[in-house]
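# Geometric and topological summary
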Amino acid sequence: MATTDSDQLCINTIRTLAMDAVQQANSGHPGTPMAMAPVAYALWQRHLRFDPNDPIWPNRDRFVLSMGHASMLLYSLLHLAGVKAVNPKYETLGDLSVTLDDIKRFRQLDSKCPGHPEYRWTSGIETTTGPLGQGVATSVGMAIASKWMAARFNRPGFPMFGFDVYAMAGDGCMMEGISQEAASLAGHLKLDNLCWIYDNNRITIEGHTTLAFSDDVATRFIGYGWNVTRVGDANDLAMLDRAFETAKAATDRPTLIIVDSHIGYGAPHKQDSHAAHGEPLGEEEIRLSKRFYGWPEDAKFLVPDGVRECFAQGLGARGARLRAEWVALFESYKAAHPALADELYRMQHRQLPDGWEKAIPSFPADAKGLAGRDASAKVLNAVAQAVPWLIGGSADLAPSTKTRLTFDGAGDFEAGSYGGRNLHFGIREHAMGAVLNGLSLSKVRPFGSGFLIFSDYGRAAIRLGAIMEIPVIYVFTHDSIGVGEDGPTHQPVEHLLSLRAIPGLVTIRPGDANEVAEAWRVIMQSRHEPVCLILSRQALPTLDRARYAAASGLARGGYVLADATGGAPEVLLIATGSEVALCVAAHELLAKEGVRSRVVSLPSWELFDRQEQAYKDAVLPPSVRARVSVEQGSTLGWERYVGHTGRTIGMRTFGASAPLKELQKKFGFEPGNVVSAAREQLAKRD
Ligand SMILES: Cc1ncc(C[n+]2csc(CCOP(=O)(O)OP(=O)(O)O)c2C)c(N)n1
Ligand SMILES: [Mg+2]
């Protein structure tokens, strides 16, 4: 299709809104929206299956702006397309997602147009982007979700799922390691519903890409098993159309469209320069650019007559028709396949099947016990059978993290066989995190696993999941020096603490098998928070819950596990995970010596901190100042529970390679050491 006057008008409106908004905010990135406006327009107006009146319609195509700095491109599109706001109850009440006023208040407090696109805050934003590479990697998760949901829900005559995923990326995304992990995985999985658009403008912040980048990107992607096509001019709508048609027609492989563009297109002094990247153009340059576009030079935030109508006739009409067809199809699907339709509905609303929790096992007392990871394997497998859309895998460590779904029919998610529930991320922790985000954004319930030590590799994606408030599940095992002989490179020290430092991320480090079971009960009910389940490699005794308090206390984050007899406690022993049993042993020794101690199991700081003060005070009575915390991790932060006079037993250095017993001795994780710490605390009090 050729470019018409109305196409040009729409494109220039996108451009000028971006220029004006950045200028008004005196901050932001005008150059890339100016250059890529025709590309985004061609995609949205002519290809994307998206209904502005229902931006959460489940089978819509996804558009991800991986170069989040070009956010004004997306805000202009959302505004001009008339995308509606969705409220937390998943309702659209007719308000616009992005008003012209929001655009005028770009980057200001409470505007729907923050610096970078934020999922959940602005309807129509499919994922939060900004850290380069995350968007493209997340798009792979969305494409996996589309394939998985098609395999799960489609039936003859009922193509419920089959959406395509488009992601737009810049040089920065192409340089980041995460995009390479993700592209490699997408090629391997032959995700032909995935299309990345690479803005090959050869400019980044410091200047021309010759400074730091000389990859042959096309060859790289051909090597990953992608279909690669080129558009030599970002303004060539006909060529762009052809490229999108190629992407849609591709089978067996994802498509990369390399688009040559001119950053700051139309700005006489800033085009093709990094000066167009991260600062406003300036009033005079804006005037000259508008003159180049044939735009009224002094008009600001102008949306000419006909532009909104043009979007409504293209994207809007197509989206409305496709969505209506889908809704009608879903009505007959409900009659033909009621159980699947019910699943689909619950999945989309982040609900669980009735009675799912009956699957959760409990574990008999056992002094020899069970490793956290082994207990979790049992619970996960039971829960996954009750929740069919719980899928996941590991970064090549499932045999160690014990996260494989082993029941009949669980299957593997593989190229060409997309119904399996065991994913294989390969040794790609960072991409795994982003893919999990993409799955969760598509409403599948995902889990991913690895060694806790390697959580660092996926941290940027974990953090984004927390910002987006999506319920991704991480299972991190080998949680401490307890891994023994593998040594300091494999022994997490600061990791627990650093995960706890991420706002909105819940960490749970259960102390025995029954706490693991209760942890899964909490995790599965979480609808808007990611959770990290932190598990031991080594066996932990399964506590006798007839003797000690019930593990259901875990839901409150911390609880009194074993209490003093014959009077109020004199000293508190507070522990998580593998150190809970250690404190119980110390508690029994102290009892024999006539010392009244209380053991508090504190598997989740986040869950505990949100309890009411009275409960927290009941568990950790403020009057008891003699306190000892025990955790095989950094001691930093434990002062909040033991106070500045309390004692923290933990890690202050890296670990060492040796059998576990020797490490426990070297680093002081023995009952005797806890007992003497408790005694010291009591002596201080006196
Ligand atoms: C992971 C990450 N590192 C650094 C940045 C800071 N940053 C924002 S944009 C940018 C340059 C991006 O260049 P490119 O992707 O080519 O975008 P263009 O300037 O062409 O729009 C950088 C380094 C970031 N957002 N994310
Ligand atoms: Mg660039």
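Described below are features of the structure shown in this document. (Residues numbered from 1 in each chain as written. Chains lettered and ligands numbered in written order. Predicted model: local features only at pLDDT ≥ 70, side-chain atom pairs only at ≥ 80, totals over all residues. Heavy atoms only, no water.)

## Some details on the coordination of the magnesium ion (ligand 2)
Bound to the magnesium ion (ligand 2) are the protein donor atoms D171 (OD), N201 (OD1) and I203 (O), situated 2.1 Å from the metal. Site description for the magnesium ion (ligand 2): donor spacing in sequence, D-x29-N-x1-I. Linking D171 in helix α6 (residues 171-175) with I203 in strand β6 (residues 203-204), this pair joins segments that are 32 residues apart in sequence. Residue classification places D171 among the buried positions, given a relative accessible area of 4%. (Donors = N, O, S within 2.8 Å, 3.2 Å for Na, K, Ca; no water. Helix = DSSP H or I, 4+ residues; strand = E, 2+ residues; numbered from the N terminus. Buried < 20%, exposed > 50% of the residue type's maximum accessible area, 1.4 Å probe, protein only.)

## Quick notes on the sheet that holds strand β16 (residues 531-534)
Paired through their backbone hydrogen bonds, the strands of a sheet run either parallel or antiparallel. Taken together, the 6 strands give an open sheet; going across it, the order is β12-β11-β13-β14-β16-β15, and neighbouring strands pair in parallel fashion. At either end of the open sheet lies a strand with only one pairing partner, and these are β12 (422-424) and β15 (506-508). The average angle at which neighbouring strand axes cross in this sheet is 20 degrees, direction not considered. Examined bridge by bridge, strand β11 (residues 390-394) and β12 share 3 bridges and lie parallel to one another. Within the sheet, the bridge partner assigned to G392 lies in β12 and is N422. (Pairing = 2+ DSSP bridges. Axes fitted to C-alpha atoms, helices over the stretch in contact; angles between N-to-C directions.)

## Describing the side chain of Q611
Its location among the elements puts Q611 in the loop between α20 (605-609) and α21 (613-619). Given the relative accessible area of 14%, Q611 is considered buried. Polar contacts involving the side chain of Q611 include one to the side chain of R556, which spans 3.1 Å. If we skip the residues at most four places from it in the chain, Q611 touches A555, R556 and K616. (Polar contact = N/O pair within 3.5 Å; in protein donor to acceptor, adjacent residues only side chain to side chain. Contact = heavy atoms within 4.5 Å.)

## Focus: the pattern of salt bridges
Within this structure, the stated rule accounts for 37 salt bridges. The shortest N-O distance in the salt bridge between R545 and D512 comes to 2.8 Å. Of this pair, R545 sits in the loop between β17 (539-542) and β18 (559-562) while D512 sits in the loop between β15 and α18 (513-525), and the two are 33 residues apart along the sequence. A single burial state applies to R545 and to D512, both of which are buried. Of the charged contacts, one joins R545 and E515 as a salt bridge, the two residues approaching to 4.0 Å between their closest N and O atoms. You can see R545 sitting in the loop between β17 and β18 and its partner E515 sitting in helix α18, a full 30 residues away along the chain. As far as the burial class goes, R545 and E515 line up, both buried. Connected through salt bridges with shared partners, the residues D7, R46 and D241 form a single ionic network. (Salt bridge = Lys/Arg side-chain N within 4 Å of Asp/Glu carboxyl O.)

## With respect to the sheet that holds β18
Taken in spatial order, the 5 strands make up an open sheet running β18-β20-β19-β21-β22, and their pairing is mixed. Edge strands, defined here as strands with exactly one partner in the open sheet, are β18 and β22 (647-651). Between one strand and the next, the sheet's axes are offset by a mean angle of 25 degrees, whatever the strand orientation. In this sheet, β22 lies alongside strand β21 (residues 627-634) in parallel orientation, the contact comprising 4 bridges. Counted as the bridge partner of V628 is R647 from β22.

## Quick word on helix α16 (residues 459-468)
Of the positions making up α16, those classed as buried are A461, I462, L464, G465, A466 and M468. Positioned one or two residues after α16, E469 has a phi angle of 60 degrees, which is positive.

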